Amino acid sequence: MDISINVSATIGVVCEAFLYGVYCVLFIISVVILIKRYRLTNRVIWVANCLLFITSTAHFALVFNHFYIALKYAPFSEFGNETPAMMGANLLSSVVDLVGDLLLIYRCWFVWGKNSYVIILPLLTALGGFGCILAIPSLLLSINPTSPVPPTEIVPLTVAGYVLPLCTNIMVTGLIAGRLWYLTRIPVVDEHGKPAILKIASGGRPMMLIIESGALYMVTQLIFVLLVAIENPAEAILSYAGTQIYGIASTLIIIRVGLVGTSPEQTVLLTTHIEFWPQS
């Protein structure tokens, strides 16, 4: 059974309200951690953390205000329709997406020993996707200003605007996860003077990779792109709730960085249980 755009949008508002509450708690935790460990963090992390929270808060405020107006004044049947305020909210969502991508790229740059060549392609796709999104409002105003979903004419551009950041997420996630896996297999000499490999115990590795590689970010983006591509009304759910998921995923990375520092060596050696595995 297909659901209407109004039902999808309402579910999205409820989900975003819940996720925003979770995000507020995580943001407070991240600020406390960054203050306590200020010597191991830098301005980039602080700016990204604050910018993510401010834009996510502004997005939720616009969405909630739109929901309130629809309940009190406008016919609720028009709740899913596009308005200038909601266009602004959509742009804020893209800003959150971009900042989250840049944070992942920055983390990737650090994990790869500040190798700038590694991040060139992900950076281009992130900026290219944001550029596509910036062109959508003007096209929407000229085609159908109140359309609750992207009109058919601009679906390809809309899909491109979300596919390019998805490509960024896939590339950066793979690069970070691969690099962290490699760093957990460091050749060393054990207590008996024999060659060994330094490995992270299996219990801590999966969660570390999921958090630091931004896998949650990538999965959310992939589902949203698929819903937009098939023009499914359920895209409204992730259109609202996805903004907070982007912020939560990025803040988890910031908390992780705040706890262990920014360098790959700190990431591997300071927060994990270490075991020696003899080389065969």
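A quick note: this is a predicted structure, and the numbers were derived from the prediction, not measured.

> So what about the overall build of the protein? Which residues, and what values?
If you tally the helices and strands in the protein, you get nine helices and three strands. For the protein, the succession of helices and strands along the chain, N to C, is α-α-α-α-α-β-β-α-α-α-α-β. Across the 280 residues of the protein, 48% fall into the buried class. Intrachain contacts of the protein at a sequence separation of at least 6 include 78% that bridge at least 24 residues. Looking at the protein as shown, the accessible area adds up to about 13,500 Å², and 72% of this sits on carbon and sulfur atoms.

> Give me the lowdown on helix α4 (residues 120-143), citing residues and values where you can.
Taking 1.5 Å per residue as the helical rise, α4 with its 24 residues ought to reach 34 Å, and the 35 Å between its terminal C-alpha atoms agrees with that figure. Along α4, the sharpest kink reaches roughly 30°, centred on Ile136 and followed within four residues by the proline Pro137. Buried within α4 are the following residues: Pro122, Thr125, Ala126, Gly129, Phe130, Cys132, Ile133, Ile136, Pro137 and Leu140.

> Tell me what's going on with the packing of helix α3 (residues 84-111) against helix α5 (residues 155-183), and back it up with residues and numbers.
Two elements in contact, α3 and α5, have axes whose closest approach is 10 Å; the angle formed by their N-to-C orientations is 30°. Viewed along their axes, α3 and α5 adopt a mutual orientation that is roughly parallel. At the point where α3 passes α5, the crossing takes the left-handed sense. Along the contact surface, α3 presents Asp97, Asp101, Leu104, Ile105, Arg107, Cys108 and Val111, while α5 presents Pro165, Thr168, Asn169, Val172, Leu175, Ile176, Arg179, Leu180 and Leu183. Among the residues forming the contact of α3 with α5, the class breakdown is 10 nonpolar, two polar and four charged.

What counts, and at which threshold
Residues numbered from 1 in each chain as written. Predicted model: local features only at pLDDT ≥ 70, side-chain atom pairs only at ≥ 80, totals over all residues. Heavy atoms only, no water. Helix = DSSP H or I, 4+ residues; strand = E, 2+ residues; numbered from the N terminus. Buried < 20%, exposed > 50% of the residue type's maximum accessible area, 1.4 Å probe, protein only. Contact = heavy atoms within 4.5 Å. Areas by Shrake-Rupley, 256 points an atom, 1.4 Å probe, with all protein chains shown as cover. Expected span 1.5 Å × (residues − 1). Bend = angle between axes of the 7 residues up to and from the residue. Axes fitted to C-alpha atoms, helices over the stretch in contact; angles between N-to-C directions. Parallel < 35°, antiparallel > 145°, perpendicular 65-115°, else oblique. Left-handed = near helix turned anticlockwise from the far one by under 90°. Nonpolar A, V, L, I, M, F, W, Y, C, P; charged D, E, K, R; others polar.

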